[in-house]
Amino acid sequence: MPSYPASASQFLGQTIDSGALRIEAILGAGAFGVVYRAIDIQTGALYAVKRVEKEGNEYYQARERQLHSHVSSHPHVLTFHREIHEGRYAFYVYDLCAGDLHSVIKEAMFFREDELIKRVFIQIIDALEYCHKHGVYHRDLKPENILVSALGGDMDVFVADFGLATTSKMTASACGTPCFMSPESLVAHHHSYSSVQGDVWALGCILAEMIGNVRPWSLATPEDSDYSHYLMDRTVLFEKLPVSHTAYLLLRKIFSTKPELRPSLAAIRTEVLAMDTFFVTESEAGNCGWGDRMEKQKLRKLRARGVVAPPSRHSSDTSSSGSYRFETCSLG
Ligand SMILES: Nc1ncnc2c1ncn2[C@@H]1O[C@H](COP(=O)(O)OP(=O)(O)O)[C@@H](O)[C@H]1O
Ligand SMILES: [Mg+2]
């Protein structure tokens, strides 16, 4: 059950924008905002509305608004409509989506769905290429910040949450959500690092999660045992994820410790399009101990689609949804 700030429910049933929009339900919450479903009372159109506290956050909010509106016209960037000010809060009005990629991954919706992974991942790459071309670097890419139009196989995706986006090609601060941050951004007293390559690293984390429904590590630092195993032996990715050899090679390139060696978005796009499969074959899965885990994913997917009845008890969800984000030092 997601938890929301105590003040989240106080707006339910109320109207904002001089009575134009009525807030109907809570859709989600992140580090800085609560997102509601709202209805335009005149037209009946539904929107998502993010509420943020204004005081002390004006700089970040202005940046989020400006950068998001700058790229909002791309078909796979969430459409940002307008902002409304009500007392101590600002409300941003967006297109309403069906949920986020994190919930879809949790239901194992991508399990053995090569064409779906391809389509969705290419949409994310296209949106990100557009942002980069327009001088906007996201810096907080993760499944929770990618929204979906539907919870089934016909979904389209939209890059959202430009709260940490920047126009600076180089980032001087530690910035993002820890398990999606690149190793160079996590080094103490680091020099500035490439904002583009930080986004590319996070893309690799998203692809890994789409394939395996797990995060390969919590933090890309040698102190993290999963990441330090990866540093010692890249092939541990085969143990963590049910990846095919070609998907492994792509992830390995993206997870290069040298940012300048990571592939460009165009190169990733080409490799993804050419990928025969992202998954180990059934027989390889049996040989390398993936059999049981693959069965679980299969069952989870069937349950999500209503083909198999859900378990009577709450099934355990190992994926962490409680990620947080931070931004320190100078802003750029
Ligand atoms: N347009 C939308 N339609 C449906 N759900 C949304 C929408 N925007 C955000 N959400 C939900 O709210 C969550 C938090 O929104 P986000 O913009 O990421 O806020 P924060 O800046 O606080 O992280 C998202 O992870 C998603 O689950
Ligand atoms: Mg967010």
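Rules behind the numbers
Residues numbered from 1 in each chain as written. Chains lettered and ligands numbered in written order. Predicted model: local features only at pLDDT ≥ 70, side-chain atom pairs only at ≥ 80, totals over all residues. Helix = DSSP H or I, 4+ residues; strand = E, 2+ residues; numbered from the N terminus. Rg over C-alpha atoms; globule rule 2.2 N^0.38 Å. Contact = placed C-beta atoms within 7 Å. Near = placed C-beta within 6 Å. Nonpolar A, V, L, I, M, F, W, Y, C, P; charged D, E, K, R; others polar. Domains from an automatic or database assignment. Pairing = 2+ DSSP bridges. Axes fitted to C-alpha atoms, helices over the stretch in contact; angles between N-to-C directions. Parallel < 35°, antiparallel > 145°, perpendicular 65-115°, else oblique. Left-handed = near helix turned anticlockwise from the far one by under 90°. Expected span 1.5 Å × (residues − 1). Buried ≥ 20, exposed ≤ 12 C-beta atoms within 10 Å, placed from the backbone. Core = buried A, V, L, I, M, F, W, Y, C linked by C-beta atoms within 7 Å.

## Section: the overall build of the chain
What the chain contains, in helices and strands, is 11 helices and 13 strands. In terms of overall dimensions, the chain is globule-like: its C-alpha atoms have a radius of gyration of 20 Å, near the 20 Å expected for 332 residues. Taking the contacts inside the chain whose residues are at least 6 apart along the sequence as the reference set, 66% of them involve residues at least 24 apart.

## Concerning the site of ligand 1
For ligand 1, the set of nearby residues contains 22 residues, the closest of which are Gly 28, Gly 30, Ala 48, Cys 97 and Asp 161. Of all the elements in the fold, those that place two or more residues in the shell around ligand 1 are strand 2 (21–29), strand 3 (33–40), strand 4 (46–53) and strand 6 (89–95). Among the elements that line the shell around ligand 1, the one with the most residues is strand 2, at three residues. Of the residues assigned to the shell around ligand 1, the class counts are 12 nonpolar, five polar and five charged. When residues of the shell around ligand 1 are assigned to domains, at least three map to each of domain 1 (6–95) and domain 2 (99–282).

## What about the sheet that holds strand 1 (residues 15–16)?
Across the sheet, which stays open at both edges, the six strands sit in the order 1-2-3-4-6-5 with antiparallel pairing between neighbours. Each end of this open sheet is capped by a strand with a single partner; those strands are strand 1 and strand 5 (80–86). Here strand 3 pairs with strand 4 via seven bridges, running antiparallel. Within strand 4, the position partnered with Val 34 by the bridge is Arg 51.

## Considering the packing of helix 3 (residues 114–133) against helix 9 (residues 265–274)
Relative orientation of the contacting elements helix 3 and helix 9 amounts to 165 degrees, with a least axis distance of 10 Å. As far as their axial angle goes, helix 9 and helix 3 are roughly antiparallel. Handedness of the crossing formed by helix 3 with helix 9: left-handed. On helix 9, the residues that touch Lys 118, Phe 121, Ile 122, Ile 125, Leu 128, Glu 129 and His 132 of helix 3 are Leu 265, Ile 268, Arg 269, Val 272 and Leu 273. Class assignment for the residues of the contact of helix 3 with helix 9 results in eight nonpolar, one polar and three charged.

## Section: the domain arrangement of the chain
Along its sequence, the chain is organised into domain 1 (6–95) and domain 2 (99–282). Counting from both sides, the interface comprises 13 residues of domain 1 and, opposite them, 19 residues of domain 2. If you tally residues by element for the side of domain 1 that touches domain 2, the top one is helix 1 (residues 58–71), at six residues. The class makeup of the residues in the side of domain 1 that touches domain 2 is six nonpolar, six polar and one charged.

## Thoughts on the packing of helix 5 (residues 195–212) against helix 8 (residues 245–254)
Packed helix pairs are specified by the crossing angle of their axes together with the interaxial distance, meaning the distance between the axes. Across the interface, helix 5 lies against helix 8 with an axial gap of 9 Å and an inter-helix angle of 150 degrees. Classified by the interaxial angle, the pair formed by helix 5 and helix 8 is roughly antiparallel. Considering the relative orientation of helix 5 and helix 8, their crossing is left-handed. Along its contact with helix 5, which presents Val 200, Trp 201, Leu 203, Gly 204, Leu 207, Ala 208 and Ile 211, the element helix 8 presents Ala 247, Leu 251 and Ile 254. Residues belonging to the contact of helix 5 with helix 8 are distributed by class as follows: nine nonpolar, one polar and no charged.

## Some remarks on helix 5
Under the 1.5 Å per step criterion, the end-to-end length of helix 5 is 26 Å for 18 residues, consistent within 8% with the ideal 26 Å. The buried count for helix 5 comes to 17 of 18 residues, which makes it a mostly enclosed element.

## Focus: the sheet that holds strand 7 (residues 99–100)
Think of a sheet as strands paired side by side through backbone hydrogen bonds, with each pair either parallel or antiparallel. One open sheet holds the three strands; their spatial order is 7-8-9, and the pairing between them is antiparallel. Each end of this open sheet is capped by a strand with a single partner; those strands are strand 7 and strand 9 (157–159). Where helix 3 meets the sheet, its contacts fall on strand 8 (146–148) and strand 9, and the angle it forms with strand 9 comes to roughly 30 degrees.

## Structural notes on the nonpolar core
By size, the foremost hydrophobic cluster in this structure holds 84 residues, and its most contacted members are Val 49, Ile 124, Val 157, Val 159, Leu 203, Ile 211 and Leu 251. In terms of residues, this core owes the most to one element, helix 5, which gives 10 residues. When residues of this core are assigned to domains, at least three fall in each of domain 1 (6–95) and domain 2 (99–282). Excluding residues that lie within four positions of it along the chain, Leu 203 makes contacts with Ile 124, Leu 141, Ile 254 and Ile 268.

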